[in-house]
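# Overview (structure and organization)
The residues making up each chain are set out below.
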Amino acid sequence: MDVNAAVAAAAAIAGVLTGVIAVLAFRWSEREQNRPTRSSLHTDAVLPPGVDTVLSVLRSSAVVLDEADAVVKASSAAYALGLVRGGKLAVEPMLQMARDTRRDGEIRQVELDLPRRGTGRGEALAVSARVAPLGSRLVLLLVEDLTEARRIEAVRRDFVANVSHELKTPVGALSLLSEAVMDASEDPEAVERFAGRMQIEATRLTSLVQELIDLSRVQNDDPLEDAEPVRVDELVAEAIDRCRHQAGAKQITMAAGGAADLRVWGNRGQLAAALGNLVENAVNYSPARTRVGIAARSVNAPGGDHIEIAVTDQGIGISDKDKERIFERFYRVDPARSRATGGTGLGLAIVKHVAASHGGEVAVWSAEGQGSTFTLRLPEAGAARDRAHQQTVRHERAGGAGLDEEAGRSTPTSPESTAYETLPAPEVLP
């Protein structure tokens, strides 16, 4: 009996201990669950009311840091720029600004150049960072990407500088020539010679001003407002007639061919100016007694049929390094030759903008010493008209939202892609 009693007592004691341990374990587990963890400290709940909503609508990249420099909140743009990595702010100058602001409560702002992630070309990302205190414990960092704004500003600055230079040259020449005419007033032959030079410079100045006006117009105007079906053969004939005098002076043969009865949808004046610039360049940069060919064809494409107008010459050609820049304003492959031919460096820029505003593009194939082929690709009249109508409907439904304008980009085109049965590729003269 004593043994059974002892066993029973031991079992009772063990049961009591097990119950006590279970109760303690349950209470400890419950307390651990209610205890705030490190991750829970960095949730949106620590942000002041309304801040999360404001940060979600900001265009700037936003990062909120706590007193331990840990990231409490970061927008997707901040991750895309590479500002936040592994829950930490990855840009040391910005981190130091946040610490200084947390210490004294002052708002700080600085512009930085950061290495661009995922590129090995050393390109810099220009940003503007602004740090401000957010409550008593948090710091708010707002980062604005200034890269595109700086690029546009650089383009504008270069454009103004180039325009000033190009205008200064003929104006200065006219001033000097007028003085020469006054000094040689008693020499009829000298007066006639100087007057001829003045006419040349005046013509160059007029061409430059007109092309500046044309470039401004194609950049600002919507060509589809006055769009109409335009016959391609009429555009080709007009371009040839425009350059007939220059071609005749150099004994250059101009040949037209390709499919007949093709039409594109757009502004006739802008399309004629674009094709005329391509033909004029082909004539100006071709040696004497060569040939310039203009051909058109229809091409089936997934997004709708396109019309390709190819202008082929047997000129000096374009190097690979120059192909990337020939559509820039005022850029010249051969500045000395351009001045001899009266070029302004705006012709191809106008072609690019006209093609882009009409929903097309301009491409180039060229090899040094073998000539060049510029191909103007434009939507066929029917497909382009339907697409323009759909865009107009979407525009009206969106309450006046503007139509997007695609940027034209030059892409390599092989000479085979612009060869037509009715206009064989010209032979390269020795």
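Structural data are supplied above this passage.
Since this is a predicted model, take the numbers as computed values, not measurements.

Rules behind the numbers
- Residues numbered from 1 in each chain as written.
- Predicted model: local features only at pLDDT ≥ 70, side-chain atom pairs only at ≥ 80, totals over all residues.
- Heavy atoms only, no water.
- Axes fitted to C-alpha atoms, helices over the stretch in contact; angles between N-to-C directions.
- Helix = DSSP H or I, 4+ residues; strand = E, 2+ residues; numbered from the N terminus.
- Parallel < 35°, antiparallel > 145°, perpendicular 65-115°, else oblique.
- Left-handed = near helix turned anticlockwise from the far one by under 90°.
- Contact = heavy atoms within 4.5 Å.
- Nonpolar A, V, L, I, M, F, W, Y, C, P; charged D, E, K, R; others polar.
- Pairing = 2+ DSSP bridges.
- Phe/Tyr/Trp six-rings, centres within 6.5 Å; stacked < 30°, edge-to-face > 60°.
- Buried < 20%, exposed > 50% of the residue type's maximum accessible area, 1.4 Å probe, protein only.
- Lys NZ or Arg CZ within 6 Å of the ring centre and 35° of its normal.

Turning next to the packing of helix α10 (residues 268–284) against helix α13 (residues 347–357). The geometry of α10 relative to α13 is characterised by a closest axis approach of 9 Å and an angle of 140° between their N-to-C directions. Judged on the interaxial angle alone, α13 and α10 are oblique. In the crossing of α10 with α13, the sense of the turn from one axis to the other is left-handed. Contact residues: α10 offers Gln270, Leu271, Ala274, Asn277, Leu278 and Asn281, while α13 offers Gly347, Leu348, Ile350, Val351, Val354 and Ser357. Here the residues of the contact of α10 with α13 are counted per class, giving 7 nonpolar, 5 polar and no charged.

Examined against the element boundaries, Ala310 turns out to sit in strand β12 (residues 306–312). As for Ala310 and Ile294, which are separated by 16 residues in sequence, their C-alpha atoms are 5.7 Å apart.

Between helix α8 (residues 232–242) and α10, whose axes approach to 9 Å, the crossing angle comes to 50°. Classified by the angle between their axes, α8 and α10 sit oblique to one another. Seen along the crossing, α8 lies across α10 with a hand that is right-handed. Between α8 and α10, the residues in contact are Glu234, Leu235, Val236, Glu238, Ala239 and Arg242 and Arg268, Leu271, Ala272, Ala273, Leu275, Gly276, Asn277, Val279 and Glu280, respectively.

A separate point is the pairing of strand β2 (residues 71–74). Residues in a regular strand project their side chains so that they alternate between the two faces of the sheet. Of the strand pairs in this sheet, strand β1 (residues 61–65) and β2 are connected by 3 bridges, and their pairing is antiparallel. Along β2, the bridge assignment pairs Val64 with Lys73. From the end of β1 to the start of β2, which pair antiparallel, there are 5 residues, and Asp69 there has a positive phi angle of about 65°.

Tallied over the entire structure, the rule returns 1 aromatic pair. Between Phe327 and Phe374 the ring centres are 6.4 Å apart and the planes differ by 75°, which places this aromatic pair in the edge-to-face class. Taken together, the positions of Phe327 in the loop between α11 (320–323) and α12 (335–341) and Phe374 in strand β14 (residues 371–379) put the pair 47 residues apart, joining distant regions of the chain. When its relative accessible area of 9% is taken as the criterion, Phe327 is described as buried. Look at Phe374 and you get buried, because its relative accessible area is 9%. Over the ring of Phe194 we find Arg193, and its NZ or CZ is 5.1 Å from the ring centre.

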